[in-house]
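One letter stands for each residue in the lines below.
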Number of protein chains: 6
Amino acid sequence: MNVVHTNIRRPDARIASELAGYGVATVHEAQGRTGLMGPQLRPVYAGARIAGPAVTVSVPPCDNWMIHVAVEQCRDGDVLVVAPTSYSDAGYFGDLLATSLLKRGVRALIIDAGVRDVRELTAMQFPVWSRAIFAQGTVKETLGSVNVPVVCGGALLHPGDLIVADDDGVCIVPRRSVPEVAKACAGREAREAKVRERLKNGELGLDIYGMREKLASRGLVYDDRPASED
Amino acid sequence: MNVVHTNIRRPDARIASELAGYGVATVHEAQGRTGLMGPQLRPVYAGARIAGPAVTVSVPPCDNWMIHVAVEQCRDGDVLVVAPTSYSDAGYFGDLLATSLLKRGVRALIIDAGVRDVRELTAMQFPVWSRAIFAQGTVKETLGSVNVPVVCGGALLHPGDLIVADDDGVCIVPRRSVPEVAKACAGREAREAKVRERLKNGELGLDIYGMREKLASRGLVYDDRPASED
Amino acid sequence: MNVVHTNIRRPDARIASELAGYGVATVHEAQGRTGLMGPQLRPVYAGARIAGPAVTVSVPPCDNWMIHVAVEQCRDGDVLVVAPTSYSDAGYFGDLLATSLLKRGVRALIIDAGVRDVRELTAMQFPVWSRAIFAQGTVKETLGSVNVPVVCGGALLHPGDLIVADDDGVCIVPRRSVPEVAKACAGREAREAKVRERLKNGELGLDIYGMREKLASRGLVYDDRPASED
Amino acid sequence: MNVVHTNIRRPDARIASELAGYGVATVHEAQGRTGLMGPQLRPVYAGARIAGPAVTVSVPPCDNWMIHVAVEQCRDGDVLVVAPTSYSDAGYFGDLLATSLLKRGVRALIIDAGVRDVRELTAMQFPVWSRAIFAQGTVKETLGSVNVPVVCGGALLHPGDLIVADDDGVCIVPRRSVPEVAKACAGREAREAKVRERLKNGELGLDIYGMREKLASRGLVYDDRPASED
Amino acid sequence: MNVVHTNIRRPDARIASELAGYGVATVHEAQGRTGLMGPQLRPVYAGARIAGPAVTVSVPPCDNWMIHVAVEQCRDGDVLVVAPTSYSDAGYFGDLLATSLLKRGVRALIIDAGVRDVRELTAMQFPVWSRAIFAQGTVKETLGSVNVPVVCGGALLHPGDLIVADDDGVCIVPRRSVPEVAKACAGREAREAKVRERLKNGELGLDIYGMREKLASRGLVYDDRPASED
Amino acid sequence: MNVVHTNIRRPDARIASELAGYGVATVHEAQGRTGLMGPQLRPVYAGARIAGPAVTVSVPPCDNWMIHVAVEQCRDGDVLVVAPTSYSDAGYFGDLLATSLLKRGVRALIIDAGVRDVRELTAMQFPVWSRAIFAQGTVKETLGSVNVPVVCGGALLHPGDLIVADDDGVCIVPRRSVPEVAKACAGREAREAKVRERLKNGELGLDIYGMREKLASRGLVYDDRPASED
């Protein structure tokens, strides 16, 4: 059955902004190294950093009809996430859809397929993370669903989960975990700031993290004879 | 038999320029969603938009001898298109060949293989779309042909066909279709400009394209109960 | 056995700088078309050109513990090269490790795996060539070795070999060949400079390289009848 | 948090057997073209056809410790499904683990990673669908979870969902849908049997499915002039 | 425009059988190392060797409607060749379509996409060369064309060209070249038979082909000191 | 410089046979999880298990001239290993070269490229592990070297190292390590035989390996409440 869920819960908007600031690597670590989409999802242009609740769209291969349906479900601050039900690198999305999303205040598009008009998307500064850049057109023949759970970039996503994306890729934070992950990020960032200072001063990670003893106990050997070269 | 066809027909130069302005996505749609090379062909640097008639070169794997032969067949405004007879990512092309092509007024290189000296190509602003960036050198031992039909990026191309390329990729317009495709592009662009204005004003594609009825007749259901999250 | 070789020979630092200037394509050709890592290794940001002796690290899949060990073995001017013992695209390296390497004067990182914090790496202008950009975290559980021969990007590398890297990719010069390769590069560049001038003046490679006779003797045919288009 | 859920609901065993008989293509169609894992999951040997409830294991990259934990959770008739949290083609599974699973009556292994000892697995006739065959060993250092939802082969799977697998690949039937899907399969198979008979008698799909009118209305043209060949 | 060409020329049937006997490697060499589809096209089961004229079908991604149209255009001895207009690994073809083709005397299917029901196809001994095995269903919504030139497996194919396929892959012989290629194959096979006998007797290719002098003149050095091992 | 080393050391032939019996997975583990070529190297037919010293060939892309040179360097019991200097999937090897190698008593071919005539290779029972099956012909124009160190399947190999290959892939044992690895294999196999018996009797790996305490200390939680399904 093809359905559009019009009523999803979203995480607190302020915390979303905060997580955008921490970035993908920190958020991913802070929630126990989970939630990453695969490295095949790359930004169309460098430098964007966003976060927002996901409006999800499950689409047929090479058919972008449901994206038009999903636009209406998007609110200010949302991130649209599009996942085909089987592999496609077709260009589902271009500057017209981006114009419509910008008008509604949508922060970004994440799509496990192709996009086109990337020159225009860059000029508009509408951030997109996609699997491919390809002008291949799509049809509008077959239904899909909006705001259902989807698998995107190899990761499971529910509508209303928080998307965090930057030059490192895309990370999902389950809606209910958002406050706790934000807290963990703050702690992690504080700890890293201190380490960064010490590293800048020339201290070594080996000493800061106290690794030398564990390395020795595992049997690591240092050999100061000239290394063979052949 | 290895042959160099020295006499090819080219489309009207003015229309070529016009098509460069429309861009790959529009041209591809205007000719019935045909003619695209695959998304593996990417620009070496962003921002170039070109169009011109193809001088084609069929080359052996890892052998760039015939590119030197092809240079002589290129005229002002042409696009050189190089297709190996089997897979290769070797670096067939670098700044010396680009220097020679620039001098002859060639607009761009499209190559279903690798290129090198990309820093210099970017500095010269000689646009290249390639499958790979790889310094691997080639030999000059085996003949190929110039201005024969080739398969490049998975698409069939005849010498004299028009190449249109931009950040979205590469599209082929058969020489005889150029005037008619230009006309279709103009129509398409005019229609899109109107749609763009309406989208900027907040109208939805659902309404502009009159999709709601068709969606309902196919059975799309809207559900306003809170979406399950687990 | 897991070992850290603390004593490696390095090539002369002045010649290293000279080779950075020639670039990857020239160096690769000058040493007989050998030494290239594969095209899967790409720079995180464009424009960096470096050379320096390799400190090598053999790491387990998804485990970056040994990189911390290797940092201590790096000196001013070195290039750190990280190779997993089986395929991994995890993010072994981020801005903290880069901070530590910068402090020690390390020129660049080459890694046959993933990196993260690429926005920060770009801001710091710490050059990285990697197989992937991926935030996936790693563990610190299993030993590897430092300054042993490794296979990186499909190429064999010994500690102390010279790494040359630019926008075209990464090339290895065996330590003992460095002086002779530098000489061959100088000769090659001088010859290319002359050819470049002649090409700019409109001469053809066919004539400069004297190819016409060899082409004819191999049987290349020129045909000036209008080429068939279908 | 790493957890082993020891108490999962399983679908009715008789219906599971019935679905194995229908096969992957029929089951996938009967539930609305959903539930397929990607084509990267291939059988280690041809000819096996199985179905059974999934015991799921979420494992770290290159670490098979949790498979040992999962074995204890498997019952007669189950299918073990292993999904790494990031890409790995390491050999997580070999003949010893297969011996243990066979003893417990487990029907098959589905793993989005590598396996080894495939000669022995074939001799034992223990069916495996995997992404790779690779002898690369794994470690036992990091926890994962058993009987949690996983993404395997790009598809979402809950513990207790029914796995159907044959030479065409692997399909997931959500536990609650099993009876209804079985019914739909029976209907589909009956209809196909009739069509198969008519096709054997030389009738055309065009006529059996009544396609000619729709094709004509969409504008399909038949042209009986000799087709151009060039 | 979508068109079905109902009138194509086919090569002489007797010569087709002869070429099947020579096999793909010999035919490819005999026509100057041209005509191969890429190695991504693999047989569904080992051992089939076929040849026959191509009935071509250009299909949209994930839409198999036109295959039903094409069946009607196939005659005894033909080979059906299906090429999507953009990448798809969906399962366009299964046992029902194979039943229909077998009834009409079609020799094989070549498809640059996915197939399913491979257990049944193997049992029926209907040979298929495909890019993928995947149960993913397709729709019947969008027109394509029959008996137009297509690019399949990266190679250009016209309707009526001869397809030769075996365990090594798929080769295309242009219709008009069939007699001349058959003759070249006979010559090549006779020469190879003699070489095979001499090799069986222990003669070396180096001597049979008279390579030693050319190798020496290119500078090959033999060194009988113990080879370094490190 | 291109060189043929005619004098390489080989490991003891009896130990080679013994290692073939242990198989790739055991050998790889016994030498500390090292020496594997990547999973892209697959056997042309299932069931072969071989071991023997490597005669190595470094070849240019798409040029098989040096294989003819290498045949002469092969002795009874050897394994020929062919590695291109840059990526190629061309068909370097077919039934004529196999005839010649069989006559000389060569055990197998390992090639990081393509082969052809696989039907004949299978009929002759000449075992081959390759990256691709592809009929694409090669040329004989450019020199390479025989019995030099090569990188094959991503792994470093010296001439005279022992190759072990079976359905799991290909493993390299450095020549000097052969006796010690054989001993480690014997120990490993004895231990595995005992574990296998205990697993057949229904004991669990968790208990045999004493894992329960370590799992608990790392924090693994068992939860016997009904697992959530949604």
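**Points about the pairing of strand S3 (residues 50–59) of chain F**
Across a regular strand the side chains alternate sides, sitting on one face of the sheet and then on the other. Residue and element names in this part refer to chain F. A large share of S3 lies buried, amounting to 10 of its 10 residues. Where S3 and strand S11 (residues 162–166) come together, 4 bridges link them in antiparallel fashion. Bridging across to S11, Pro-53 finds its partner in Leu-162. For the handedness criterion, the β-α-β arrangement of S3, helix H3 (residues 65–71) and strand S4 (residues 79–84) is classed as right-handed. Note: S3 against strand S8 (residues 145–146), 2 bridges, orientation antiparallel. Along S8, the bridge assignment pairs Val-57 with Val-146.

**A short note on empty space enclosed by the protein**
Where empty space is left becomes clear once a probe the size of a water molecule has been rolled over the atoms. Following the criterion strictly, the structure yields 5 cavities of 30 Å³ or more and no others. Quantified by volume, the largest cavity comes out at close to 50 Å³. Residue lining of the largest cavity: Leu199(A), Gly205(A), Tyr209(A), His68(C), Val71(C), Leu96(C), Leu97(C) and Ser100(C), and that is the complete set. Of all the elements in the fold, those that place two or more residues in the lining of the largest cavity are helix H3 (65–71) and helix H4 (95–103) of chain C. When residues of the lining of the largest cavity are assigned to their parent elements, the largest contribution, 3 residues, is made by H4(C). Partitioning the lining of the largest cavity into residue classes produces 5 nonpolar, 3 polar and no charged.

**Considerations on the relation of the copies chain E and chain A**
Taken as rigid bodies, chain E and chain A are interconverted by a rotation of 180° and an axial shift of 0.0 Å, the fit giving an RMSD of 0.0 Å. As the rotation angle and translation indicate, the two copies are arranged about a two-fold axis. Of all interface residues in chain E, 100% are interface residues in chain A too; the two copies therefore contact each other through one and the same surface.

**What to know about the environment of Met1(B)**
All names here are of chain B. You can see Met-1 is positioned in the segment before strand S1 (3–5). Taking relative accessible area as the criterion, Met-1 reaches 80% and is therefore assigned exposed. Separated by 142 residues in sequence, Met-1 and Leu-143 have C-alpha atoms that sit 9.2 Å apart.

**Notes on the relation of the copies chain A and chain C**
Aligned on chain C, chain A shows an RMSD of 0.0 Å; the corresponding rotation is 120° and the shift along the axis is 0.0 Å. Considering both components of the superposition, the chain copies are consistent with a three-fold axis.

**Concerning the packing of helix H6 (residues 178–200) of chain A against H4(C)**
At a minimum axis distance of 8 Å, the contact between H6(A) and H4(C) shows a crossing angle of 15°. With respect to H4(C), the axis of H6(A) lies roughly parallel. H6(A) and H4(C) meet at a crossing whose hand is right-handed. Together, Glu192(A), Val195(A), Arg196(A), Leu199(A) and Lys200(A) of H6(A) and Asp95(C), Leu96(C), Thr99(C), Ser100(C) and Lys103(C) of H4(C) make up the contact between the two elements.

**Notes on the pattern of salt bridges**
Side-chain pairs of opposite charge can arise whenever the charged atoms involved come near each other. Tallying each qualifying case throughout the model produces 90 salt bridges over all chains. Across the salt bridge formed by Arg33(E) and Glu29(E), the nearest N and O atoms sit 3.0 Å from each other. Salt-bridge contacts for Arg14(F) lead to Asp12(F); the nearest nitrogen and oxygen are separated by 3.7 Å. You can call Asp12(F) partly exposed: its relative accessible area is 37%. Overlapping salt bridges bring together Glu29(A), Arg33(A), Arg188(A), Glu192(A), Arg196(A), Asp95(C) and Arg116(C) as one network.

**Concerning the confidence of the model for chain A**
Counting all residues, the mean pLDDT for chain A is 96, and 99% of those residues have values of 70 or more. Overall fold confidence for the complex sits at a pTM of 0.95, while the interface term, ipTM, reaches 0.95.

**Notes on the interface of chain E and chain A**
How big an interface is tends to be reported as the loss of accessible area on association of its parts. With 12 residues of chain E at the contact, the number on the chain A side is 12 residues. The junction of chain E with chain A conceals about 920 Å² of combined surface from both sides, 59% of it contributed by carbon and sulfur atoms. Inspection of the chain E/chain A interface yields 0 salt bridges. Counting across the interface, chain E meets chain A through 0 residue pairs in polar contact (both at pLDDT 80 or more).

**A closer look at the pairing of strand S5 (residues 108–115) of chain B**
Residues and elements named next belong to chain B. Counting buried positions along S5 yields 8 of 8 residues, so the element is predominantly enclosed. Note that strand S4 (residues 79–84) and S5 share 4 bridges and pair parallel. Within S5, the position partnered with Val-79 by the bridge is Ala-108. Tracing the backbone out of S4, into helix H4 (residues 95–103) and back to the parallel element S5 gives a crossover that is right-handed. Pairing geometry for S5 and strand S6 (residues 128–133), over 5 bridges, is parallel.

**Side note on the interface of chain A and chain C**
Counting from both sides, the interface comprises 43 residues of chain A and, opposite them, 43 residues of chain C. Between the two partners, chain A and chain C, sit 4 salt bridges. Our enumeration of links across chain A and chain C arrives at 16 residue pairs in polar contact (both at pLDDT 80 or more). Of all the elements in the fold, those that place two or more residues in the side of chain A that touches chain C are helix H2 (24–30), H6, helix H7 (205–208), helix H8 (212–218) and strand S13 (221–223) of chain A. Counted by class, the side of chain A that touches chain C contains 17 nonpolar, 7 polar and 19 charged residues. In this structure, S13(A) lies alongside strand S1 (residues 3–5) of chain C, joined through 3 bridges in parallel fashion. Among the inter-strand pairings, Val221(A) is bridged to a residue of S1(C), identified as Val3(C).

**Observations regarding the packing of helix H1 (residues 13–22) of chain D against helix H6 (residues 178–200) of chain D**
All names here are of chain D. Contact pair H1 / H6: the axes reach a minimum separation of 10 Å and the direction vectors enclose 35°. Here H1 runs over H6; the crossing is left-handed. Counting all contacts with H1, which are made through Ile-15, Glu-18, Leu-19 and Tyr-22, the residues of H6 involved are Val-178, Pro-179, Val-181, Ala-182, Cys-185, Ala-186 and Glu-189. For the contact of H1 with H6, the per-class residue count stands at 9 nonpolar, no polar and 2 charged.

**Quick look at the packing of aromatic side chains**
In this structure the tally under the stated criterion is 9 aromatic pairs over all chains. Geometrically, the ring pair formed by Tyr87(B) and Tyr87(F) is edge-to-face, given 5.3 Å between the ring centres and 75° between the ring planes. Taken together, the residues Tyr87(B) in the loop between S4 and H4 and Tyr87(F) in the loop between S4 and strand S5 (91–93) connect one chain to another. A centroid spacing of 6.0 Å and a plane angle of 20° characterise the contact between Phe93(C) and Phe126(C), whose relative ring orientation is stacked. Of this pair, Phe93(C) sits in strand S5 (residues 91–93) while Phe126(C) sits in the loop between helix H5 (118–124) and strand S7 (128–133), placing them 33 residues apart in sequence. Positioned above the aromatic ring of Trp65(A), the side-chain terminus of Lys214(B) is 4.6 Å from the ring centre.

**So, helix H6 (residues 178–200) of chain B**
Structurally, the α-helix is built with 3.6 residues per turn, so residues lying three or four positions apart point the same way. Between its terminal C-alpha atoms H6(B) stretches 32 Å, which fits the 33 Å expected from 23 residues at 1.5 Å a residue. Every buried residue of H6(B) is listed here: Val178(B), Val181(B), Ala182(B), Cys185(B), Arg188(B), Glu192(B), Val195(B) and Leu199(B). Summarising the contacts, the buried residues of H6(B) are in contact with helix H4 (95–103) of chain A together with helix H1 (13–22), helix H2 (24–30), strand S10 (162–166), strand S11 (169–173) and helix H7 (205–208) of chain B. Gly202(B) sits one or two residues past H6(B) and shows a positive phi near 100°.

Rules and cut-offs
Residues numbered from 1 in each chain as written. Chains lettered and ligands numbered in written order. Predicted model: local features only at pLDDT ≥ 70, side-chain atom pairs only at ≥ 80, totals over all residues. Heavy atoms only, no water. Buried < 20%, exposed > 50% of the residue type's maximum accessible area, 1.4 Å probe, protein only. Helix = DSSP H or I, 4+ residues; strand = E, 2+ residues; numbered from the N terminus. Pairing = 2+ DSSP bridges. Right-handed = clockwise from strand over helix to strand, strands pointing away. 1 Å grid on protein atoms, 1.4 Å probe; cavity = no way out; pocket = protein on both sides within 12 Å on 5 of 7 lines; lining within 4 Å. Points joined across faces, edges and corners; volume = space filled by probe spheres on them. Nonpolar A, V, L, I, M, F, W, Y, C, P; charged D, E, K, R; others polar. Least-squares fit on C-alpha atoms with pLDDT ≥ 70 in both. Contact = heavy atoms within 4.5 Å. Axes fitted to C-alpha atoms, helices over the stretch in contact; angles between N-to-C directions. Parallel < 35°, antiparallel > 145°, perpendicular 65-115°, else oblique. Left-handed = near helix turned anticlockwise from the far one by under 90°. Salt bridge = Lys/Arg side-chain N within 4 Å of Asp/Glu carboxyl O. pLDDT = per-residue confidence, 0-100. Buried area = accessible area lost by both parts, 1.4 Å probe. Polar contact = N/O pair within 3.5 Å; in protein donor to acceptor, adjacent residues only side chain to side chain. Phe/Tyr/Trp six-rings, centres within 6.5 Å; stacked < 30°, edge-to-face > 60°. Lys NZ or Arg CZ within 6 Å of the ring centre and 35° of its normal. Expected span 1.5 Å × (residues − 1).

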